[in-house]
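# Examination of the molecular architecture
Spelled out, the chains give:
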Amino acid sequence: MKPLRPNDWHLRYPGRLLGIHSVLAVQNGLVLLADVAPSLEIPLLQDVFRLLRLTGTQIICTTPEKLTTLSHQSLLWSLGVAIPSWTRRVLSSPPLAELLNNSVAKRQLWQQIAYYVEYHPTDC
């Protein structure tokens, strides 16, 4: 099996996520927490946004220093930075550069999304 390059990645079994998207309609949006704000055009990020049924206006990119000014109701996706103790709706992954080249980390991210939907459906 050849190694995946960042632009080659795609969700291998999208059928396994059927039904998740309707539960994951995040009303308060998604906060991407990273040391450097990523481009929202990266295919992996676009896949997550589509799964969560989010548009550009529902996605906020911020740094840890600015996070305290945001709504505590938003789903937080930490891209390799420390997660604040006051958050409860969290996805966590390595920094984006590492995530793009790490199939295990991508699989863990999808598992977190599926787990979150199954055990916290009313929070979405």
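Residues numbered from 1 in each chain as written. Predicted model: local features only at pLDDT ≥ 70, side-chain atom pairs only at ≥ 80, totals over all residues. Heavy atoms only, no water.

Moving on: the overall build of the chain. Regarding its fold elements, the chain presents four helices and four strands. For the chain, the sequential pattern of α-helices and β-strands runs α-β-α-β-β-β-α-α. The contacts in the chain between residues at least 6 apart in sequence include a share of 61% that link residues at least 24 apart. Counting every atom, the chain has about 7,300 Å² of accessible surface; 54% of that belongs to carbon and sulfur. (Helix = DSSP H or I, 4+ residues; strand = E, 2+ residues; numbered from the N terminus. Contact = heavy atoms within 4.5 Å. Areas by Shrake-Rupley, 256 points an atom, 1.4 Å probe, with all protein chains shown as cover.)

What follows deals with the environment of Thr 63. Counting through the fold element by element, Thr 63 comes out in the loop between β2 (59-62) and β3 (75-79). For Thr 63, a relative accessible area of 19% translates into the label buried. Once the C-alpha coordinates of Thr 63 and Leu 32 are considered, the two residues, 31 residues apart in sequence, prove to be 8.3 Å apart. Discounting residues that sit within four places of it in the chain, Thr 63 has contacts with Leu 33, Ala 34 and Asp 35. (Buried < 20%, exposed > 50% of the residue type's maximum accessible area, 1.4 Å probe, protein only.)

With that settled, consider the pattern of salt bridges. Counted under the stated rule, the structure contains one salt bridge. For Asp 47, the salt bridge identified is with Arg 50, shortest N-O distance 2.5 Å. Placement of both Asp 47 and Arg 50 in helix α2 (residues 43-51) is noted, with a separation of three residues, approximately one turn of the helix. By relative accessible area, Asp 47 is classed as buried at 16%. Classification of Arg 50 by relative accessible area gives exposed; the value is 53%. (Salt bridge = Lys/Arg side-chain N within 4 Å of Asp/Glu carboxyl O.)

This paragraph deals with the pairing of β3. For β3, a buried count of five out of five residues is recorded, marking the element as mostly surrounded by other parts of the structure. With four bridges joining them, strand β1 (residues 30-33) and β3 adopt parallel strand pairing. Residue pairing for β3: Leu 33 is matched across the bridge by Ser 78. Bridge count between β3 and strand β4 (residues 90-93): four bridges; the pairing is parallel. (Pairing = 2+ DSSP bridges.)

Before going further, it helps to examine the confidence of the model for the chain. Put simply, the chain has an average pLDDT of 76, and 67% of its residues get 70 or more. When mean pLDDT is compared element by element in the chain, helix α3 (residues 96-99) scores highest at 95, while helix α1 (residues 20-23) scores lowest at 35. Per-residue pLDDT stays below 50 along residues 19-26; that stretch engages in 21 contacts with residues further than four places along the chain or on separate chains. (pLDDT = per-residue confidence, 0-100.)

Leu 30, Leu 32, Val 48, Trp 77, Leu 99, Leu 109 and Ile 113 are the most contacted members of the largest nonpolar core, which totals 24 residues. Counting only elements with at least two residues in this core, the list comes to β1, α2, β3, α3 and α4 (103-119). Residues contacting Trp 77, with those up to four places away along its chain left out, are Leu 30, Val 31, Leu 32, Leu 33, Leu 45, Val 48, Leu 91, Ser 92, Ser 93, Leu 99 and Leu 109. In terms of nonpolar packing, the next biggest core, distinct from the first, is built from five residues, Val 31, Leu 33, Leu 67 and Leu 76 among them. (Core = buried A, V, L, I, M, F, W, Y, C linked by side-chain atoms within 4.5 Å.)

This brings us to the sheet that holds β1. Taken in spatial order, the four strands of this open sheet run β2-β1-β3-β4, and their pairing is parallel. On the outer flanks of this sheet lie β2 and β4, each paired with one strand and no other. Adjacent strand axes in the sheet meet at a mean angle of 20° when their direction is disregarded. (Axes fitted to C-alpha atoms, helices over the stretch in contact; angles between N-to-C directions.)

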